There are 4 protein chains.
Amino acid sequence: MIPLTKECLNQVIVKRAVQSHKGSYGRVVCIGGRKQYGGAILMCAQACVNSGAGLVTVMTDASTIPALQSRLPEAMALTFHDPIAELVATADVIVIGPGLGTDKIAKECLAFVLSHQTATQWLVIDGSAITLLAQHPLDFLFPEHIVLTPHQKEWERFSGLPIAAQTIDANQQAQQRLGCTLVLKSEQTHIYTHKAIYQNTYGNPAMATGGMGDTLAGIIGGFLGQFGKTDQLAESAIGAAVTIHSLIADELADKHYVVLPTMISEQLSKTMRRFCPLTR
Amino acid sequence: MIPLTKECLNQVIVKRAVQSHKGSYGRVVCIGGRKQYGGAILMCAQACVNSGAGLVTVMTDASTIPALQSRLPEAMALTFHDPIAELVATADVIVIGPGLGTDKIAKECLAFVLSHQTATQWLVIDGSAITLLAQHPLDFLFPEHIVLTPHQKEWERFSGLPIAAQTIDANQQAQQRLGCTLVLKSEQTHIYTHKAIYQNTYGNPAMATGGMGDTLAGIIGGFLGQFGKTDQLAESAIGAAVTIHSLIADELADKHYVVLPTMISEQLSKTMRRFCPLTR
Amino acid sequence: MIPLTKECLNQVIVKRAVQSHKGSYGRVVCIGGRKQYGGAILMCAQACVNSGAGLVTVMTDASTIPALQSRLPEAMALTFHDPIAELVATADVIVIGPGLGTDKIAKECLAFVLSHQTATQWLVIDGSAITLLAQHPLDFLFPEHIVLTPHQKEWERFSGLPIAAQTIDANQQAQQRLGCTLVLKSEQTHIYTHKAIYQNTYGNPAMATGGMGDTLAGIIGGFLGQFGKTDQLAESAIGAAVTIHSLIADELADKHYVVLPTMISEQLSKTMRRFCPLTR
Amino acid sequence: MIPLTKECLNQVIVKRAVQSHKGSYGRVVCIGGRKQYGGAILMCAQACVNSGAGLVTVMTDASTIPALQSRLPEAMALTFHDPIAELVATADVIVIGPGLGTDKIAKECLAFVLSHQTATQWLVIDGSAITLLAQHPLDFLFPEHIVLTPHQKEWERFSGLPIAAQTIDANQQAQQRLGCTLVLKSEQTHIYTHKAIYQNTYGNPAMATGGMGDTLAGIIGGFLGQFGKTDQLAESAIGAAVTIHSLIADELADKHYVVLPTMISEQLSKTMRRFCPLTR
């Protein structure tokens, strides 16, 4: 078990190359925010943009788009009636699930994304997409480029392991069978990868509020888009995303009784800057 | 008559348990914001989320939802055309009334909520819901878990007591007949409970602006969701909600001629933190 | 000609009475914001709320309401399809014109407001409402409670005086014929009342940006609602509104090349506090 | 090749004349923001308003307007179904392209604008409008008052020069044939005019995020509206716009890992003030 400390941020958050452009930092697509859960994809996309993704596109309900444009003009926006094929084909990272719901449109969209994953593309599967997969299992084409981010109840539904039975060993075995990266969220989040188990050493109960997981999914998406060029780098990027999310929350909890998800997103760019070495 | 001072905040705003999650801090439903009064439920929900409620869902007009998502992505949102039964059944606290109006939909919704209250569920009845009850009396299933938050005119309509006749004794007798908690808002708000009468010692006329009551209702909802696990704790939580609402307004009035409701919500998390003991 | 200096703010912005409520500070109705000019009424209403009006209702196009609720939940909102009679009958102050346009709905609405003015009600007529009156003259029922706020071109249209002919004397004569208060906006705004001519001594060209007049109209509305209980007090309140609008702009121009209207609204409450004597 | 340094800002950002009004600082029209790209025109318009344009009107999809009004009430808003002739005829500057897309409506709109340019009117052609021109060449009526702002790929499409062949000489020859000003965006932006080539000396890779170009187009529009009264002044204004955009980004990058476009707009007014001499 490898503890994740802030030193990992120094490794992952590298100085950007002078000769680079927005395409260099990832095309990230965030899918979700349907019906009553519109806010979930707004928080996910805000985290993703603020974590530095080069180009962020949101696929969501038409009714969610005015709020998205109002909060985050940096993101592009499509509805579930728009063509999905090109969007998915050109994405470096797809984050699917925050507020996606579990109806027919959600199912079809998830099935399309999973069946069209390309070999170099990362999928982050969160929230109701995990619940959907528990109900309707689908094959993973490139599980080595898939991150599952369940909380304990979602993991119970998906893996069949009751919360009490979610031991390190049991989780690891389930992860090995799946072949994907597992970010198992709890008051002490663990990351299970092909090679190791990582343990989050930050975080606090002021974070126990709706939307915190949507925000983490957005950061993971943004970090994979920027810092995940090789599998080894991607593994570090996922760890760094979990770390910075909780580290910012700890810093905010010095002054706040509740840490809202959007507060974390607002701190991302400044906090990343603190950990980025100026010269290499 | 027990004066409410800031010491009550130290008692109520406890350190969160490490082993907790968003479900630990209350599922709060806020119902209202119809037609011209959309802003009322936005202010209520903002106060509720910022006071630390774990999960907040708003039931409102479809036309109010874009603004809700834009201001407060942390809240989930349903319309009056969505199914209400499960929402009400799973809520720990329901705040009903801010901007609800008094038409048929409002009446039916209030009747549904009152007739489906569960034994452990708290209802906060505010604004036009009180006017509705004055016009069309309904039974309280669990009055010991109901908070009424009228201002003096609403209380006149509801209790039949003209403002000049709203003496401590008369109010107390009316409250005892009702069996619920009465938060009677005025320039010196009093809380009448089964056991005692509390008097707010803070507050100032800079607060005399539309939406102040909606914000208080949201804080009461959030505090009951987090701090109201027993009836005794709930009584303290209601007092603390009234106290922090006025205390923040007093602090803001040092620098502001007018204290807008949303300014209070923005200070909640930081102010709560000041009163939360770090160790227990 | 009486110069308006910051001392007038000390006179007008009085300490609020402890025994007061939102009704004590004016029911103000803001009418306008149609079609392409939605933003005008948003800026007007924001100024009005931030200047301390007790209850603000906006009548505007349905399409403008989501942005209003998103920016300013404190305001209530009606469309031009909603009943206007009660709204107008219960208003202490009506600000009509910012972004109202000049079509049939605008004309009918203006005609209704002018023909239903009550003896104690103040009207602030701004922007396209002035253009409309130039095209279709209407009677003023209580001109002593009407404020016209044209800029020089609108005043030319309304009074028939070309800008070059808008001398103090000519303006005064026109104002005397009308019987209303004239706030003639220019790089040095003058106020013509029944008794005197006042001259704004603040203001700067960083204010030369769209929406500045809408914001002034909102402040005048808010100040009349709070500080205009007698005709003498109302005259001072109008002067104070013009003064604080330009004074804040001057303070902001120390650090800003452009002073946007919404920046002024954001400073209102704090600036008013500085000029409000703590004890009387 | 002339390096652009911050001294150019002192020359361009002149003290405003006391006798001036919003019309003195330019009527700027921003056209774009269609379908999934609504945010692009929001960022463009925000930059334009914050850079000091006197009157800004946005022509965009109806679905983009609520977010525009919510973020930027200072801007007026029209849809592509509204009459365009008067809007174009009265504009001092038209910025066309941010998020315009390439469908029939986009093509027709661009063709109308290009074919109705007046002799004193500036056009800033950005984003998808450049792609459209590459596909469907159109004549420039007054190329000396046209600014093209492609990034390298858009320039490749438009000029036929592959990125590797975009040498200073080749670009200059293409610009001379076109007769317009070319702002060729890259990690070191160059400006090609009738008289000279300028080189941006600021900028950093934290700017590599979607919307940065839309923001630059808005600043160019705002600066031409205010500071472009003669052709010589306009040339300086374009250089100053490129300079301040990158200079602010450099200052922000001291504390931020990512510099979002809207962060730059928020700093414009304060930064312009620093470079504006108080007395002349």
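Just so it is clear, the model here is predicted, and its values are computed rather than measured.

Draft legend 1. Spatial organisation of the overall build of chain A. From N to C terminus, chain A includes eleven helices and ten strands. Taken over C-alpha atoms, the radius of gyration comes to 17 Å for chain A, in line with the 19 Å a tight globule of 280 residues would show. By principal-axis analysis of the C-alpha atoms, chain A measures approximately 45 × 45 × 40 Å. The 280 residues of chain A split such that 64% are buried. By sequence separation, contacts in chain A at least 24 residues apart represent 70% of the contacts at least 6 residues apart. Of the roughly 10,000 Å² of accessible surface on chain A, 54% is carried by carbon and sulfur atoms. The centroid of the 21 positive side-chain charges in chain A is displaced by 6 Å from the centroid of its 22 negative side-chain charges.

Draft legend 2. Structural view of the confidence of the model for chain A. Averaged over every residue, the pLDDT of chain A is 96; residues scoring 70 or more account for 99%. Here the predicted complex scores 0.97 on pTM and 0.96 on ipTM.

Draft legend 3. Molecular detail of the interface of chain A and chain D. Counting residues at the interface gives 33 residues for chain A and 29 residues for chain D. Counting the surface lost from both chain A and chain D, the interface buries some 2,400 Å², and carbon and sulfur atoms represent 57% of this. Among the residues of chain A in contact with chain D, R16, Q69 and E74 of chain A are the three that bury the most area, contributing 26% of the side total. On the surface where chain A and chain D come into contact, there are zero salt bridges. Our count for the contact surface shared by chain A and chain D stands at eleven residue pairs in polar contact (both at pLDDT 80 or more). Contributions of two or more residues to the side of chain A that touches chain D are made by α2 (38–50), α3 (65–71), β4 (76–78), α9 (212–227) and α11 (261–275) of chain A. Looking at the side of chain A that touches chain D, its residues break down into 16 nonpolar, eleven polar and six charged.

Draft legend 4. Spotlight on the pattern of salt bridges. Tallying each qualifying case throughout the model produces 24 salt bridges over all chains. One salt bridge connects K104 of chain C with E108 of chain C, and the closest N-O pair in it is separated by 3.1 Å. One end of the pair is K104 of chain C and the other is E108 of chain C, both in helix α5 (residues 104–115) and four residues apart, which spans about a single turn. The structure contains a network of salt bridges with shared partners spanning R34, K35, D61 and D103 of chain A.

Draft legend 5. Fine view of the sheet that holds strand β4 (residues 76–78) of chain D. Residues and elements named next belong to chain D. The strand order across the open sheet formed by ten strands is β1-β10-β9-β8-β7-β6-β5-β2-β3-β4, and the pairing between neighbours is mixed. Both edges of this open sheet fall to β1 (2–4) and β4, since each of them pairs with a single strand only. Ignoring which end each strand starts from, the neighbouring axes of this sheet average 20° apart. Two strands pair when backbone bridges link them, and strand β3 (residues 55–59) and β4 are joined in this way by three bridges, in the parallel orientation. Across the sheet, residue T57 finds its bridge partner in β4, namely M76.

Draft legend 6. Spotlight on the relation of the copies chain A and chain D. Here chain A sits on chain D after a turn of 90° about the axis and a move of 0.0 Å along it, with an RMSD of 0.0 Å. Given the turn and translation reported, the copies of this chain are related as if by a four-fold rotation axis. Of all interface residues in chain A, a mere 6% are interface residues in chain D too; the two copies therefore contact each other through different surfaces.

Draft legend 7. Looking closely at helix α11 (residues 261–275) of chain D. Residues and elements named next belong to chain D. Its 15 residues give α11 an end-to-end C-alpha distance of 21 Å, which sits within 8% of 21 Å, the value for a rise of 1.5 Å per residue. The sharpest bend along α11 reaches about 45° and sits at L268. In terms of burial, α11 is largely enclosed, as eleven of its 15 residues are buried. For α11, the set of buried residues is P261, T262, M263, I264, S265, L268, S269, T271, M272, R273 and F275.

Draft legend 8. Molecular detail of the interface of chain B and chain C. At the interface, 29 residues of chain B touch 33 residues of chain C. The contact between chain B and chain C buries some 2,400 Å² in all, and 58% of this surface belongs to carbon and sulfur atoms. On the chain B side of the interface with chain C, the three residues burying the most area are Q36, P205 and Y257 of chain B, jointly 30% of the side's total. Between chain B and chain C we count zero salt bridges in total. Between chain B and chain C we count eleven residue pairs in polar contact (both at pLDDT 80 or more) in total. Looking at the side of chain B that touches chain C, the elements with two or more residues in it are α2 (38–50), α3 (65–71) and α11 (261–275) of chain B. A total of five residues in the side of chain B that touches chain C trace back to one element, the largest contributor, which is α2 of chain B. Taken together, the residues that form the side of chain B that touches chain C break down as 14 nonpolar, ten polar and five charged.

Draft legend 9. Representation of the UniProt feature "domain: YjeF C-terminal" (unreviewed entry) in chain A in the model. In the numbering used here, UniProt assigns the "domain: YjeF C-terminal" (unreviewed entry) feature to residues 5–275 of chain A. Structurally, residues 5–275 of chain A comprises 46% helix and 14% strand, and the distance from its first C-alpha atom to its last is 12 Å.

Draft legend 10. Inspection of the UniProt feature "binding site: AMP" (unreviewed entry) in chain A at higher detail. Per the UniProt record, the feature "binding site: AMP" (unreviewed entry) sits at K185, S186, E187, Q188, T189 and G213 of chain A. Over a stretch of 29 residues, the named residues converge on one spot in the fold, their C-alpha atoms separated by at most 13.3 Å. Residue placement: E187 of chain A occurs in the loop between β8 (181–184) and β9 (190–192). A residue is classified by how much of its surface remains accessible, and E187 of chain A, at 33% relative accessible area, is partly exposed. When neighbours within four sequence positions are excluded, E187 of chain A is seen to be in contact with V18 and Q19 of chain B.

Cut-offs and rules
Residues numbered from 1 in each chain as written. Chains lettered and ligands numbered in written order. Predicted model: local features only at pLDDT ≥ 70, side-chain atom pairs only at ≥ 80, totals over all residues. Heavy atoms only, no water. Helix = DSSP H or I, 4+ residues; strand = E, 2+ residues; numbered from the N terminus. Rg over C-alpha atoms; globule rule 2.2 N^0.38 Å. Buried < 20%, exposed > 50% of the residue type's maximum accessible area, 1.4 Å probe, protein only. Contact = heavy atoms within 4.5 Å. Areas by Shrake-Rupley, 256 points an atom, 1.4 Å probe, with all protein chains shown as cover. Lys, Arg positive; Asp, Glu negative; His and termini not counted. Charge placed at Lys NZ, Arg CZ, Asp CG, Glu CD. pLDDT = per-residue confidence, 0-100. Buried area = accessible area lost by both parts, 1.4 Å probe. Salt bridge = Lys/Arg side-chain N within 4 Å of Asp/Glu carboxyl O. Polar contact = N/O pair within 3.5 Å; in protein donor to acceptor, adjacent residues only side chain to side chain. Nonpolar A, V, L, I, M, F, W, Y, C, P; charged D, E, K, R; others polar. Pairing = 2+ DSSP bridges. Axes fitted to C-alpha atoms, helices over the stretch in contact; angles between N-to-C directions. Least-squares fit on C-alpha atoms with pLDDT ≥ 70 in both. Expected span 1.5 Å × (residues − 1). Bend = angle between axes of the 7 residues up to and from the residue. UniProt positions renumbered as here; feature names shortened; annotations may be inferred.

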